[in-house]
Amino acid sequence: QGMECPQISSTTTIQSSFNDKIGQRGLMCGPIGTYPDEAKNYKNDFGRLDVQGCCWWGRGPLQSKGLCSMGKMNHYIGAKALADGRITRSTSGVYPDINFCTTPNKICETNSGDGKDTEDLRWTVAMFEFAEKVQRYSNSNWDYKQKLVEYVSGGMNLNEYYPFDLDHSFIHAVSSIVDRGCHNAPNCLPYVGEVTKLPQRREALTIALSALKIPKFREQQVIDTTLEYMKSSKSGFEETLLRYKRQGYSVLSERYRFDDFMDALSRMSQFSSPDHSPLYMGDPWMRDGHKYGLGNIALFVANGLMLGIEKDDTCDELNEYRVSGKYALSNSCGQQGLSYQDMVCESSDVPDMACQVDPDMYITAVTSDRTLGAPPALQCGPRSRIPSSGFWDPAENAESDEGEAFANLVGRTDLEGCCWWGRGLLQMKGPCAFGRLNYYLGARAARENRKSMYKDVDFCVNPEAICGSQFRHELVWISALFKWVDKVQNYEDGEWNYMEQLRKFADNKFEDNVFIKEVNAIVEVGCRHPPCKEAGCVSFPCDGAYSENQNRAVNRAFLTFTILGLWDSFEGSLGGTNSPTPVPSVCPECTGSPTLLPTSAPTATPLMDITSAPSVAPSREVTLLLRRFNDLKEHLINRRKLLESKVFITETKFGLASSTLYTLDGLLSVLKDLTTKGSDDGNGGNLMFYIGQDDDKNVKYGRVNIALFLAHATTRGLRSDSCEEVNHDLVEGKLPFSNACGQHSQSYNEDICPMADAARECPLDTTMNVKQASVGSSTAPRFFCAPKSTNPFTGYFDPLSGTTDKSEPFANAIGREDVEGCCWWGRGLLHVGGVCNIGRFNFI
């Protein structure tokens, strides 16, 4: 009230600045008789015949209309704001020369044909309207910001796998606020009526979300969340999963390394091709959506343990199936009744996608079973070099005499064209599989001008590149993840779809043994219900059409779930649920300080401080805090290069440079105490820097807290690589020395504490004499404070000419010409300043 425009003069005449492009007549207002058609007695819905005073139609992108909207704009950004002293002519983003109450037509007027003269005004009017009417909208049961969070967190009707009935109530409510002034049209008094063009608004929202790449942002977010979760499990992987038996001892894998695995996950989750999916890392639109990605990864790892790591840490397939008690050397052509070189692609694939079998190819596997008495590495070669192949006799621990032919299970006694045995963690085998890998990731992709991870590696020419090339540490994982996407993620059998079943499996707390066994069968033999014709039997069925040990697959899956903490970290939820708010919810019983109670989740191996003094027995509480700090520390150290090149940098006259004053190591050295011990806040509480200490599930909020802290640091101490605030607030193009008293209209020595903390603020000493120690990389003059008896006034520094003038008084933005008592400019990374803030710090 009190802001709305008075009724416009009855003599005012305004006509729309343009007519609608479809030929409709533009609106007009004016005295009675302005429209010749008035005599025809065409009344509007309210019974009006005339247009006298009717100049308040909608204008701008949101069609801001009415006495109230125009009055508020005039009050805040127009001529009335200038007259009342709320703005000046130098205030940015305002229009002091426009009286929106007398000339609302100014919003749409243009002085040129391109219509750009007032484009900024039109956008300003619309954004002001939206911010004032929509963003601030809140009543007893509907709050815009809360509903916005719920809508975004609920998936914005973009969820792909759970066919819920689409809920358009939010977009309807927002449209209702824009059109009618309340969220539940048509019941908006006094503007009763339905919202128009709702379908078009819903479609427009979808287009806008796509244009802003919101779905892509959420997809990247769930990838990052899944990767961070995985990285937090590194010690568990290396201590339990990535190990094999060697002479009775458990040994950490030299071939399958955790860091390479993380890199492969990241790369394959980003891999894109019009006809090939990336590695699935979770649902961007569901609560705890990363749990689906973790379930996918856990099943992948469980099968990889069986097929690769636990088999003597091998990359190449082992010769492990006997024929008449002996190991046929021609098992390289295929084991258990399979013929690897005959594994062709389906007719739906790109023509010639499979590798051509080269009879002259000669390869010896680079890895083999190192167990005493085990057969040698697999080999292939033309008959001209290896006319026939024999056997390995485990009883004699020796190979058969040269020239003695011995057939494998399908009768092969030669090794010609038999170079397609299994390789990598999931034992990719056959010309089709290697051809697909080459088509999407290898040399063929590069030759055909498609994006390629390994443009110089032709997997059809050298399938052994997976195990023996310079990229072997990557390819043992990449090839396996590619096979997983190809054969498992994309698997469908009638109405049974792996991706849908995975979601049901995760929603039911990862406890379906049958699903685990079905996935194992798909990986090993190509279908979920063996025997599988997809396995490649020469004569179906054969031994190779059955998965070998499905109970072992369940055991390995459960072990992986345990290491990842899937059973403890996620609650079961049938059918999926909407995701939580992206920020911690506000609750009346919550406090501003993190709680330090133990959680129900098991702790990892305790991480202890090593000191010279004996320590007391660590409590569970201390161990939890220390573990969370160490997790954060590892997270930050893993990003050292990125942080030091993007965050810990300063602006110099030569460009950006690394900070010399602020380092990641310095941050970590103080962060430990502030996150695990804290400080007495003087009120009986404990002041701690928040990193999600209260619960493992809140770690993500703590990391955002760190990010916000660093974001502000980049605009303060890091910007000039200084410990002290730098003189930068220009007045008439000059830097007043009295900016030491306060910049941007602040007065630091008047920054007093609230009554509850009044005793903590520093007393003001007008005799204090302090000079600024350093301005870092800035060229600004140094602050100083001194009594008026020695410095009755101060001058200014001209940054353009680089000169100083102290001959006459020069005031800062709040009128100070002296620097008496002005010793409270900001210090430290965030430029803590003022008698209250520095006093509080001193008190604590």
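Residues numbered from 1 in each chain as written. Predicted model: local features only at pLDDT ≥ 70, side-chain atom pairs only at ≥ 80, totals over all residues. Heavy atoms only, no water.

J.: Run through the overall build of the protein chain, naming residues and quoting values.
T.: For the protein chain, the count of helices and strands is 24 helices and 20 strands. Taken across its 844 residues, the protein chain has 45% of its residues classed as buried. Summarising the internal contacts of the protein chain: among those between residues at least 6 apart in sequence, 64% fall at separations of at least 24. By element, 52% of the accessible surface of the protein chain is carried by carbon and sulfur atoms, the whole surface being about 43,800 Å². (Helix = DSSP H or I, 4+ residues; strand = E, 2+ residues; numbered from the N terminus. Buried < 20%, exposed > 50% of the residue type's maximum accessible area, 1.4 Å probe, protein only. Contact = heavy atoms within 4.5 Å. Areas by Shrake-Rupley, 256 points an atom, 1.4 Å probe, with all protein chains shown as cover.)

J.: Outline the state of the cysteines, listing residues and values.
T.: Counting across every chain of the model gives 13 disulfides. Covalently, Cys-29 is tied to Cys-55 through a disulfide, its sulfur atoms 1.9 Å apart. In this structure the cystine formed by Cys-29 and Cys-55 twists about its S-S bond by roughly 95°; its chirality is therefore right-handed. Taken together, the residues span a long stretch of sequence, with Cys-29 in strand S2 (residues 28-29) and Cys-55 in the loop between S2 and helix H1 (66-77) at a distance of 26 residues. (Disulfide = S-S within 2.5 Å.)

J.: Describe empty space enclosed by the protein, listing the residues and the values that go with them.
T.: Scanning the model with the defined rule gives 3 cavities of 30 Å³ or more in all. For the largest cavity, the calculated volume is near 80 Å³. In this structure, the largest cavity is lined by Glu-228, Lys-231, Ser-232, Asp-631, Glu-634, His-635, Asn-638, Arg-639 and Arg-703. Those elements giving two or more residues to the lining of the largest cavity turn out to be helix H7 (214-231) and helix H19 (620-638). Broken down by element, the lining of the largest cavity gets its largest block of residues, 4 residues, from H19. A class-by-class count of the residues in the lining of the largest cavity yields no nonpolar, 3 polar and 6 charged. (1 Å grid on protein atoms, 1.4 Å probe; cavity = no way out; pocket = protein on both sides within 12 Å on 5 of 7 lines; lining within 4 Å. Points joined across faces, edges and corners; volume = space filled by probe spheres on them. Nonpolar A, V, L, I, M, F, W, Y, C, P; charged D, E, K, R; others polar.)

J.: Explain the environment of Ser-789 residue by residue, including any values.
T.: By secondary structure assignment, the location of Ser-789 is in the loop between strand S18 (784-785) and strand S19 (796-798). C-alpha separation for the pair Ser-789 and Glu-820, spaced 31 residues apart in sequence, amounts to 9.0 Å.

J.: Report on the side chain of Ser-269, specifying residues and quantitative values.
T.: Summarising the element assignment, Ser-269 is placed in helix H9 (residues 258-270). A distance of 2.8 Å separates a polar atom in the side chain of Ser-269 from the backbone oxygen of Ser-266. (Polar contact = N/O pair within 3.5 Å; in protein donor to acceptor, adjacent residues only side chain to side chain.)

J.: Help me get a handle on the packing of aromatic side chains, residues and values and all.
T.: Scanning the entire structure with this criterion turns up 33 aromatic pairs. With 5.8 Å between their ring centres and 80° between their planes, Phe-561 and Trp-567 make a pair best called edge-to-face. Looking at Phe-561, the relative accessible area reads 0%, which means it is buried. Look at Tyr-796 and Phe-810: their rings are 4.9 Å apart centre to centre, the planes differ by 55°, and that puts the pair in the tilted class. Within this pair, whereas Tyr-796 is found in strand S19, its partner Phe-810 is found in the loop between strand S20 (803-805) and helix H24 (835-843), the two being separated by 14 residues in sequence. (Phe/Tyr/Trp six-rings, centres within 6.5 Å; stacked < 30°, edge-to-face > 60°.)

J.: Describe the sheet that holds strand S5 (residues 327-328), and please don't skip the residues or the numbers.
T.: Taken in spatial order, the 3 strands of this open sheet run S5-S8-S9, and their pairing is antiparallel. Since the sheet does not close on itself, it has two edges, and those belong to S5 and strand S9 (398-399), each with one partner. For S5 and strand S8 (residues 391-393), the ladder comprises 2 bridges, and the chain directions are antiparallel. Across the sheet, Ala-328 pairs through a bridge with Phe-391, a residue of S8. (Pairing = 2+ DSSP bridges.)

J.: Residues and numbers for the packing of helix H3 (residues 119-135) against helix H5 (residues 169-180), please.
T.: The geometry of H3 relative to H5 is characterised by a closest axis approach of 10 Å and an angle of 115° between their N-to-C directions. Relative to H5, the crossing made by H3 is right-handed. Contacts between H3 and H5 involve Phe-130, Lys-133 and Val-134 from the first element and Val-174, Ile-177 and Val-178 from the second. (Axes fitted to C-alpha atoms, helices over the stretch in contact; angles between N-to-C directions. Left-handed = near helix turned anticlockwise from the far one by under 90°.)

J.: Describe the sheet that holds strand S16 (residues 735-736), and please don't skip the residues or the numbers.
T.: The strand order across the open sheet built from 3 strands is S16-S19-S20, with neighbouring strands paired in antiparallel fashion. Each end of this open sheet is capped by a strand with a single partner; those strands are S16 and S20.

J.: For unusual backbone geometry, give the residues involved together with the corresponding values.
T.: The omega torsion of the bond from Ala-185 to Pro-186 falls at 15°, within 30 degrees of zero and hence cis. Inspection of the secondary structure assignment puts Pro-186 in the loop between H5 and helix H6 (198-211). That bond from Pro-530 to Pro-531 is cis: its omega, 5°, falls within 30 degrees of zero. Checked against the element boundaries, Pro-531 lands in the loop between helix H16 (513-525) and helix H17 (550-564). Even without being glycine, Gln-336 reaches a positive phi, approximately 60°. The residue Gln-336 is located in the loop between S5 and strand S6 (363-364) in this model. Not every positive phi belongs to a glycine, and His-744 is a case in point at roughly 55°. Tracing the sequence through the fold places His-744 in the loop between S16 and strand S17 (770-771).

J.: With reference to specific residues and values, describe H3.
T.: In a regular helix each residue adds 1.5 Å, so 17 residues correspond to 24 Å; H3 covers 23 Å between its end C-alpha atoms and thus fits that length. All of the buried residues along H3 are Leu-121, Val-125, Ala-126, Phe-128, Glu-129 and Val-134. Those residues of H3 hidden inside the fold are in contact with H1, helix H4 (144-153) and H5. (Expected span 1.5 Å × (residues − 1).)

J.: Explain a nonpolar patch on the surface residue by residue, including any values.
T.: Judged by side-chain polarity, Leu-409, Val-410 and Val-538 come together as a nonpolar surface patch covering roughly 240 Å² of accessible area. Assignment of secondary structure puts Leu-409 in the loop between S9 and helix H11 (431-441). (Patch = residues over 30% accessible without salt bridge, like charges linked within 9 Å, V, L, I, M, F, W, Y side chains within 5 Å. Salt bridge = Lys/Arg side-chain N within 4 Å of Asp/Glu carboxyl O.)

J.: Lay out H1 with the relevant residues and their values.
T.: Helix length check: H1, at 12 residues, gives a terminal C-alpha distance of 17 Å against a target of 16 Å (1.5 Å per residue), a fit within 8%. Residues of H1 that are buried: Leu-67, Ser-69, Met-70, Gly-71, Lys-72, Met-73, Asn-74, His-75 and Ile-77. In this structure, the buried residues of H1 make contact with helix H2 (79-83) and H3.

J.: Quick rundown of the nonpolar core? Include the residues and the values.
T.: Grouped together as the largest cluster of nonpolar side chains are 101 residues, with contacts concentrated most on Phe-261, Leu-265, Leu-299, Phe-300, Trp-484 and Tyr-498. With 11 residues, the top contributor of residues to this core is helix H10 (residues 290-309). In this structure, Leu-265 is in contact with Leu-227, Met-230, Leu-279, Met-281, Ile-297 and Leu-481, ignoring residues within four places of it in sequence. Judged by nonpolar contacts, the second largest core, of 23 residues, contains Ile-8, Ala-81, Ile-87 and Phe-128. (Core = buried A, V, L, I, M, F, W, Y, C linked by side-chain atoms within 4.5 Å.)

J.: So what's going on with the confidence of the model for the protein chain? Residues and values would help.
T.: Low-confidence regions, as indicated by low pLDDT, have predicted coordinates that should not be scrutinised in detail. Model confidence for the protein chain is summarised by a mean pLDDT of 84, while 89% of its residues fall at 70 or above. Under a pLDDT of 50 for its full length, residues 160-164 has, in the predicted model, 11 contacts with residues more than four places off or in other chains. Per-residue pLDDT stays below 50 along residues 574-622; that stretch engages in 70 contacts with residues further than four places along the chain or on separate chains. (pLDDT = per-residue confidence, 0-100.)

J.: Help me get a handle on the packing of H10 against H16, residues and values and all.
T.: In a packed pair of helices, the relevant descriptors are the angle between the two axes and the axis-to-axis distance. H16 packs onto H10 with a crossing angle of 55° between their chain directions and a minimal axis gap of 10 Å. With respect to each other, H10 and H16 are oriented oblique. Crossing hand, H10 versus H16: right-handed. When H10 is examined against H16, the residues Leu-299, Asn-303, Met-306 and Leu-307 are found in contact with a partner set consisting of Phe-515, Ile-516, Val-519, Asn-520, Val-523 and Glu-524. (Parallel < 35°, antiparallel > 145°, perpendicular 65-115°, else oblique.)

J.: Give a detailed account of the pattern of salt bridges, specifying residues and quantitative values.
T.: Counted by the stated rule, this structure contains 38 salt bridges. The residue Asp-50 makes a salt bridge to Arg-48 at a minimum N-O spacing of 2.9 Å. A salt bridge links Glu-724 to Arg-827; the nearest nitrogen and oxygen atoms lie 3.8 Å apart. Of the two residues, Glu-724 sits in the loop between helix H23 (717-720) and S16 while Arg-827 sits in the loop between S20 and H24, which places them 103 residues apart along the sequence.

J.: Describe the environment of Ser-658, listing the residues and the values that go with them.
T.: Its place among the elements puts Ser-658 in strand S13 (residues 655-658). For the pair formed by Ser-658 and Glu-644, sequence separation is 14 residues and the distance between their alpha carbons is 7.0 Å.

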